[in-house]
Amino acid sequence: MSSAQTSGQHRRAPALRTSTVNVAIAGATGAVGQEFLRVLEQRDFPIGQFKLLASARSAGKRVSFKGAEHTIEELTDDSFKGVDLALFSAGGSTSKRFAPAAVDAGAVVVDNSSAFRMTQGVPLIVPEVNAEALSASGIAIGKGGVIANPNCSTIIMLVAVHPLRVAAGLRRVVVSTYQAASGAGAAAMRELEQQTRQVLAGEAPTCEVFSQQYALNLFSHDSAMQANGYNQEEMKMVDEARKIWGDPAARIAATCIRVPVMRAHAESITLELGRAMDEAEARQVLAAAPGVEVVDDREHNRFPTPLEASDRDAVLVGRIRQDISSEDGRGLAMFVCGDQIRKGAALNAVQIAELML
Ligand code: A2P
């Protein structure tokens, strides 16, 4: 896959080696669930039968897909009869509760939640980084099994860092994130919009999803704080990257911050590489990397932004420069933006499914 194919607009699914695939989406009414519909349609994924599942609250709602109307059904243990591929994005507890039923029915589950990411034997896949771990697992359409989709911040970081790691080796990563509302779901996006209106109108903001004012503010990520002083989101970036790279000793430290942005995450990333690399070489490596688009126009002060990354497949990378605090030329700094709902969730999951076509 060249960066030209993944930049700008959306690539189609590869030519089919199997017949059509019967697909179910668990969490079809959510922010990621809705994006699954767009990505599957844009990439012309070879769908046979199609089931849209959500909670009892949504049962009976109508959703259009490829010009046809589909009715949302309640997710139950019996939902997966005849399903080949179940894309889950309905939260960790729903995945834990219903993924076993899907696998028992013979489906491959690609799970967007954190429920199974660190489970031994469950492949955790970013196609640009470790597609081989999926083939090694033996999981295939028709055989069943669970595949985990990594955390959105992990995916976006790895698409940008992995090619540099391959080119020069990697000693250490320090990353700070600027994370969008979408990572906390559709309700969080609505809350950011509502709070913005309220604050601009001089009203007190309604805080239901988040415990504090989000509009015109930013705060440390709302996931649970751990004993080591890092929050859960930060430790996901560390633990998941280690699993994906197969390197339990990979040195990574993260600071995760929520910013009042709708759907794309930004990350400031500083690397200590295995050897010296100048910025020209780094730019060359990144320009050739799958899933990456370099946006690095110093003359016009134009670099990646969450708005420009929104609704795009590519992870945008810019501010590519030497880390001047590093003495030996191994330090490299960059600024990265990626659509959290798309490459951080729905697109990555569909790309995983495409590896099995
Ligand atoms: P519903 O809309 O019926 O509540 P988001 O991540 O944007 O918050 O979306 C969560 C998704 O997960 C929604 O589609 C939601 O459906 C679905 N969901 C939440 N809880 C359950 C459940 N217990 N069973 C099935 N779907 C669920």
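Residues numbered from 1 in each chain as written. Predicted model: local features only at pLDDT ≥ 70, side-chain atom pairs only at ≥ 80, totals over all residues. Heavy atoms only, no water.

### Thoughts on the sheet that holds strand S2 (residues 47–54)
The strands making up a sheet associate through backbone hydrogen bonding, with each pair oriented either parallel or antiparallel. With respect to topology, seven strands assemble into an open sheet ordered S3-S4-S2-S1-S5-S6-S7, the strand pairing being mixed. Two strands bound the open sheet, and with one partner strand each, they are strand S3 (62–65) and strand S7 (145–148). Here the strands of the sheet are splayed against their neighbours by 25 degrees on average, with no regard to which way each runs. Alignment of strand S5 (residues 85–88) against strand S6 (residues 108–111), held across four bridges, turns out to be parallel. Looking across to S6, one finds that Leu-87 is bridged to Val-110. (Pairing = 2+ DSSP bridges. Helix = DSSP H or I, 4+ residues; strand = E, 2+ residues; numbered from the N terminus. Axes fitted to C-alpha atoms, helices over the stretch in contact; angles between N-to-C directions.)

### Re the site of the ligand
Near the ligand, the surroundings consist of 15 residues, among which Thr-29, Ser-55, Arg-57, Ser-58 and Ala-186 are the closest. A distance of 3.2 Å separates an oxygen atom of the ligand from a polar atom in the backbone of Gly-27. Measuring from an oxygen atom of the ligand, one finds a backbone N or O atom of Ala-31 at 2.9 Å. Looking at the shell around the ligand residue by residue, the class counts come to six nonpolar, eight polar and one charged. (Near = heavy atom within 4 Å. Polar contact = N/O pair within 3.5 Å; in protein donor to acceptor, adjacent residues only side chain to side chain. Nonpolar A, V, L, I, M, F, W, Y, C, P; charged D, E, K, R; others polar.)

### Side note on unusual backbone geometry
Not every positive phi belongs to a glycine, and Asp-44 is a case in point at roughly 55 degrees. Examined against the element boundaries, Asp-44 turns out to sit in the loop between helix H2 (31–42) and S2. Positioned with a positive phi, Leu-216 is a non-glycine residue whose angle comes to about 55 degrees. Here Leu-216 is to be found in the loop between helix H6 (186–200) and strand S9 (219–220). With a relative accessible area of 64%, Leu-216 lands in the exposed category. (Buried < 20%, exposed > 50% of the residue type's maximum accessible area, 1.4 Å probe, protein only.)

### Topic: the packing of aromatic side chains
With the rule as written, the count across this model stands at six aromatic pairs. When the centroid spacing of 5.9 Å and the interplanar angle of 70 degrees are considered together, the rings of Tyr-178 and Phe-335 count as edge-to-face. Note that Tyr-178 is positioned in strand S8 (residues 170–179) and Phe-335 in strand S14 (residues 331–339), a separation of 157 residues in sequence. Both rings, one in Phe-210 and one in Tyr-214, keep their centres 4.8 Å apart while their planes meet at 65 degrees; by these two values the pair is edge-to-face. With a relative accessible area of 3%, Phe-210 lands in the buried category. For Tyr-214, a relative accessible area of 0% gives the class buried. The aromatic ring of Phe-98 is capped on one face by Arg-97, whose charged end is 4.4 Å from the ring centroid. (Phe/Tyr/Trp six-rings, centres within 6.5 Å; stacked < 30°, edge-to-face > 60°. Lys NZ or Arg CZ within 6 Å of the ring centre and 35° of its normal.)

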